[in-house]
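Okay, here's what each chain looks like letter by letter:
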Amino acid sequence: MATAGILIIVGIASFFQRAKPQGAGSLDNVVAVELPGQNSVLVALTFTLRNSGKKSLWVHNIEGKLVTSSGESSGDAVSAIDFDRYYQAFPALKANTQAALAPEDKLQPGQEIKRTVMVSFPVTLDVFNQRRSVSVVVHPYDQPVPVTLTK
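Everything numeric in this text was worked out from a predicted model, so none of it was measured.

Cut-offs applied
- Residue positions within a chain follow its written sequence, with the count starting from 1.
- Under the rules for a predicted model, residues below a pLDDT of 70 receive no local features and side-chain atom pairs below 80 are neither given nor counted, while totals for whole chains, interfaces and linings still include all residues.
- To get the side-chain values, all heavy atoms of the structure are used, and hydrogens and water are removed first.
- Put simply, a nonpolar core is a bunch of buried Ala, Val, Leu, Ile, Met, Phe, Trp, Tyr and Cys residues held in one set by side-chain atoms that sit within 4.5 Å of each other.
- Only protein chains enter the area calculation, which uses a 1.4 Å probe; residues under 20% of their type maximum are buried, those over 50% are exposed, and those in between are partly exposed.
- Each helix corresponds to a stretch of at least 4 residues labelled H or I by DSSP, and each strand to a stretch of at least 2 residues labelled E; elements are numbered beginning at the N terminus.
- It only takes one pair of heavy atoms within 4.5 Å for two residues to be counted as in contact.
- Any Phe, Tyr or Trp ring, taking Trp's six-membered ring, that has another such ring centre within 6.5 Å forms a pair; planes under 30 degrees apart are called stacked, those over 60 apart edge-to-face, and the others tilted.
- The rule for a charge over a ring is simple: NZ of Lys or CZ of Arg within 6 Å of the ring centre, and within 35 degrees of the ring normal.

A. Main features of the nonpolar core. Membership of the largest hydrophobic core comes to 23 residues, with the highest contact counts inside it found for Leu45, Phe47, Leu49, Leu101, Phe121, Phe128 and Val136. Those elements giving two or more residues to this core turn out to be strand 2 (40-51), strand 3 (57-68), strand 6 (112-121), strand 7 (133-140) and strand 8 (147-150). Element by element, the count of residues in this core is highest for strand 2, at 5 residues. Setting aside residues up to four positions removed in sequence, Leu45 forms contacts with Leu27, Asn29, Val30, Arg115, Thr116, Val117, Val119, Val134, Ser135 and Val136. Grouped together as the second largest cluster of nonpolar side chains are 11 residues, Leu35, Ala44, Phe83 and Leu93 included.

Below you can see the structure in the form of structure tokens.
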């Protein structure tokens, strides 16, 4: 009996002490364009990110995830330096975008920002438009659980 009681207490304590994302938010806008001759799309993902933790959230890297009927694919965000070049080549991408979120950006506790990332996925525009979900995944430096914003 005592062993069962201890296991229950340890289980409950483990549940409440598990790692949780330090941030939250929403994926607000998704714009995709097909890259000619490449069977892939470039997607601008605009989102709101809020640091709900008690310490600064330092962005380590950013990726996008796409779930379609044929599986899941992911890709790293393109460099913020390239945004203007992509906007010139594909003006539709600029609709409702914000400044880029980049690695090394920092959010103070309680701070909320609106940012955009761009990710390329190896699917056609038709497949992308029939997706099950698309997500922005923000990996902080010192947190075990990334912040995932899905639409």
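Picking up where we left off.
B. Just the packing of aromatic side chains, in detail. All told, the structure shown has 2 aromatic pairs when counted by the stated rule. With a centroid separation of 5.9 Å and an interplanar angle of 70 degrees, the aromatic rings of Phe83 and Tyr87 are classed as edge-to-face. Remark: Tyr87 and Phe83 occur in helix 2 (residues 83-89); sequence separation between them is 4 residues, near one turn of the helix. In this arrangement the basic side chain of Arg85 is found over the ring face of Tyr86, its NZ or CZ atom lying 4.9 Å from the centre.

C. Spotlight on unusual backbone geometry. The backbone of Asn39 sits at a positive phi, close to 50 degrees, despite the residue not being glycine. Here Asn39 is to be found in the loop between strand 1 (23-35) and strand 2. Judged by its relative accessible area of 56%, Asn39 is exposed. Positive phi, normally seen in glycine, also occurs at Asn96, with a value near 60 degrees. Relative to the elements of secondary structure, Asn96 occurs in the loop between helix 2 and strand 5 (106-107).

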